[in-house]
Amino acid sequence: MELTLIIEYMFEIENKVYVGAPVVLRRLRRWLILRDPEVKYIVEVGVDEIPEVRDPVPQAEVFLGKVSEHIESTSRFLDTEEAVAFFILNTESRVRYSTRLYGLKGQTILLLTASPEPLKGPWLLVVEGEEGWLGKLLVYNNMITGAQVMTKLGEYYGKAALDFIENARGEVRVDAVRLKRRAFEWDPSRFSVFVRGIDRQHQYLVAVLNMAYLGLVGGQGRRALEEVVDRMVEYTKFHFRSEEVLFDRFHYPEDRAERHRREHRQFTLKALEFREKFMQGEAELTLDVLRYLAQWLQGHIGGSDRAFGVWLKEVAQAPITE
Ligand SMILES: [Fe+2]
Ligand SMILES: [Fe+2]
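Since the structure is predicted, the reported quantities are computational estimates derived from the model, not experimental observations.

Trainee: Can you help me understand the overall build of the protein chain in this one?
Mentor: When helices and strands are tallied, the protein chain shows 10 helices and 9 strands. Residue burial in the protein chain is summarised as follows: out of 322 residues, 33% are buried. Within the protein chain, residue pairs in contact and separated by at least 24 positions form 73% of the contacts whose partners lie at least 6 positions apart.

Trainee: What is the right way to read helix 7 (residues 196-217) from this model?
Mentor: Counted at 1.5 Å a residue, the expected span for helix 7 with its 22 residues is 32 Å, and the 31 Å between its end C-alpha atoms agrees. Of all 22 residues in helix 7, 19 are buried, a share of seventy percent or more. A positive phi of about 75 degrees marks Gly219, the residue just after helix 7.

Trainee: Got a minute to help me understand the environment of Gln148 in this structure?
Mentor: Turning to its location among the elements, Gln148 is positioned in strand 7 (residues 143-150). Placed 10 residues apart in sequence, Gln148 and Gly158 show a C-alpha to C-alpha distance of 6.3 Å. Those residues in contact with Gln148, other than ones at most four positions away along the chain, are Ser75, Leu78, Gly135, Lys136, Glu155, Tyr157 and Ala161.

Trainee: Whenever I open this one, the sheet that holds strand 4 (residues 94-102) confuses me. Can you help?
Mentor: Reading across from one edge, 4-9-5-6-7-8 is the order of the 6 strands in this open sheet, with antiparallel pairing throughout. Of all the strands in the sheet, just strand 4 and strand 8 (155-157) have a single pairing partner and so form its edges. Geometrically, the sheet is characterised by an average inter-axis angle of 20 degrees between neighbouring strands, direction not taken into account. In this sheet, strand 8 lies alongside strand 7 in antiparallel orientation, the contact comprising 3 bridges. Opposite Met150, over in strand 8, you have Glu155 as the bridge partner. The strands touched by helix 5 (residues 158-167) within the sheet are strand 6 (134-140), strand 7 and strand 8, with strand 7 carrying the most contacts at an inclination of about 75 degrees.

Trainee: Where do I start with the environment of Phe194 in this structure?
Mentor: Position of Phe194 relative to the elements: it lies in the loop between helix 6 (188-191) and helix 7. Separated by 118 residues in sequence, Phe194 and Leu312 have C-alpha atoms that sit 8.7 Å apart.

Trainee: Where do I start with the nonpolar core in this structure?
Mentor: Side chains of a nonpolar character, in soluble globular proteins, are inclined to be buried together. Within the largest apolar cluster, 63 residues are counted, with the highest numbers of intra-cluster contacts made by Leu125, Val139, Val208, Leu209, Ala212 and Leu290. Per-element tally for this core: the top contributor is helix 7, with 13 residues. Counting residues domain by domain, this core receives three or more from each of domain 2 (61-178) and domain 3 (183-314). The contact partners of Val139, leaving out residues within four places of it in the chain, are Leu112, Leu119, Trp123, Leu125, Ile144 and Thr145.

Trainee: Just checking my understanding: could you explain the pairing of strand 6 for this structure?
Mentor: Each regular strand carries side chains that alternate between the two faces of the sheet. Most of strand 6 is tucked away, with 6 of its 7 residues classed as buried. Examined bridge by bridge, strand 5 (residues 122-128) and strand 6 share 7 bridges and lie antiparallel to one another. In the sheet register, Leu124 faces strand 6, and the bridge partner there is Leu138. Taking the residues that link successive antiparallel strands as the turn, the strand 5-strand 6 hairpin has 5 residues, and the phi of Gly132 there is positive, at about 90 degrees. Summarising the sheet, strand 6 and strand 7 pair through 7 bridges and their orientation is antiparallel. Its bridge partner being in strand 7, Tyr140 is matched across the sheet by Met143.

Trainee: Would you explain the packing of helix 7 against helix 10 (residues 287-314) in this entry?
Mentor: The packing of two helices is summarised by the inter-axis angle and the distance between the axes. Look at helix 7 against helix 10: their axes get within 11 Å of each other, and the N-to-C directions meet at 170 degrees. In this view, helix 7 runs roughly antiparallel relative to helix 10, as classed from their interaxial angle. Seen from helix 7, the contacting residues are Ile198, His202, Leu205, Leu209, Ala212, Tyr213 and Leu216; seen from helix 10, they are Leu287, Leu290, Leu293, Ala294, Leu297, Ile301, Asp305 and Gly309.

Trainee: Got a minute to help me understand the packing of helix 7 against helix 8 (residues 222-249) in this structure?
Mentor: Relative to each other, helix 7 and helix 8 sit at 160 degrees, their axes nearing to 10 Å. Judged on the interaxial angle alone, helix 8 and helix 7 are roughly antiparallel. As helix 7 runs across helix 8, the sense of the crossing is left-handed. Between helix 7, through Ile198, Gln201, Tyr204, Leu205, Val208, Leu209, Met211, Ala212 and Gly215, and helix 8, the contact on the second element is made entirely by Ala224, Leu225, Val228, Arg231, Met232, Tyr235, Thr236, His239, Ser242 and Glu243. Tallied by class, residues from the contact of helix 7 with helix 8 come to 12 nonpolar, 5 polar and 2 charged.

Thresholds applied
- Residues numbered from 1 in each chain as written.
- Chains lettered and ligands numbered in written order.
- Predicted model: local features only at pLDDT ≥ 70, side-chain atom pairs only at ≥ 80, totals over all residues.
- Helix = DSSP H or I, 4+ residues; strand = E, 2+ residues; numbered from the N terminus.
- Buried ≥ 20, exposed ≤ 12 C-beta atoms within 10 Å, placed from the backbone.
- Contact = placed C-beta atoms within 7 Å.
- Expected span 1.5 Å × (residues − 1).
- Pairing = 2+ DSSP bridges.
- Axes fitted to C-alpha atoms, helices over the stretch in contact; angles between N-to-C directions.
- Core = buried A, V, L, I, M, F, W, Y, C linked by C-beta atoms within 7 Å.
- Domains from an automatic or database assignment.
- Parallel < 35°, antiparallel > 145°, perpendicular 65-115°, else oblique.
- Left-handed = near helix turned anticlockwise from the far one by under 90°.
- Nonpolar A, V, L, I, M, F, W, Y, C, P; charged D, E, K, R; others polar.

And the structure:
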């Protein structure tokens, strides 16, 4: 049998390898279970469905000026300048405008409506007041999901920051910066490892990461984020296992395999530790954590994983091409 399909699900029975799409192989697996042959090896490196990354705040207009109910926890993200900088799209996606505040209740909305560009998706508004105060608003589809104000007298976060803005008067300058819609933009030319099953697993991880990012900037609550964190950790463990099974199966040179495994181990330890702390309320999922995850994944997929993919294709000549 010619093995030129993809490694999605792969079976080796009596030293024969069966490769194919999940549907076909699921049927094959059922057939195997019924007849109960001696199955020596099963490698699963596929995913059935890559989750869809949905917009957490779908109807922009309806939410104009609305404040997310989770604003107290989201507002702390704005502390980490470096993380915010990582998520800023580019310098051209920046709008500057000014408006006037009158010390009236509900006036925060003026900061949004004065924008010459609709504030669709995630935005960061840097607001400079007349008496030297500096505010930052995280806005998602016109909903305020985070707020921070720095004054000479102190710092305010969340509702307290919004209260400060409600009472402010005078001319304000706004520098609105568009944030990325994704923490990790999938680019096959940089991140494909030439093994479709592994590529799809990576895309799954990237999708979960992007969900966490949109969840954060979209002002979702802790409950929603807990689910995402859990999914991310569990899926990462499964994914690392899939790669390591392939190392063994195709006899990836031990020094390279061990270096790669070590990267997996170190990351897994960190991820498990973070989940533990997060679930106990001792750590928060912040933009900084997401920046770390995105950068680690980009480095690992584009580096070690891709190196393994190239080796698998060229040296091991594994049946991985479509
Ligand atoms: Fe990987
Ligand atoms: Fe890896």
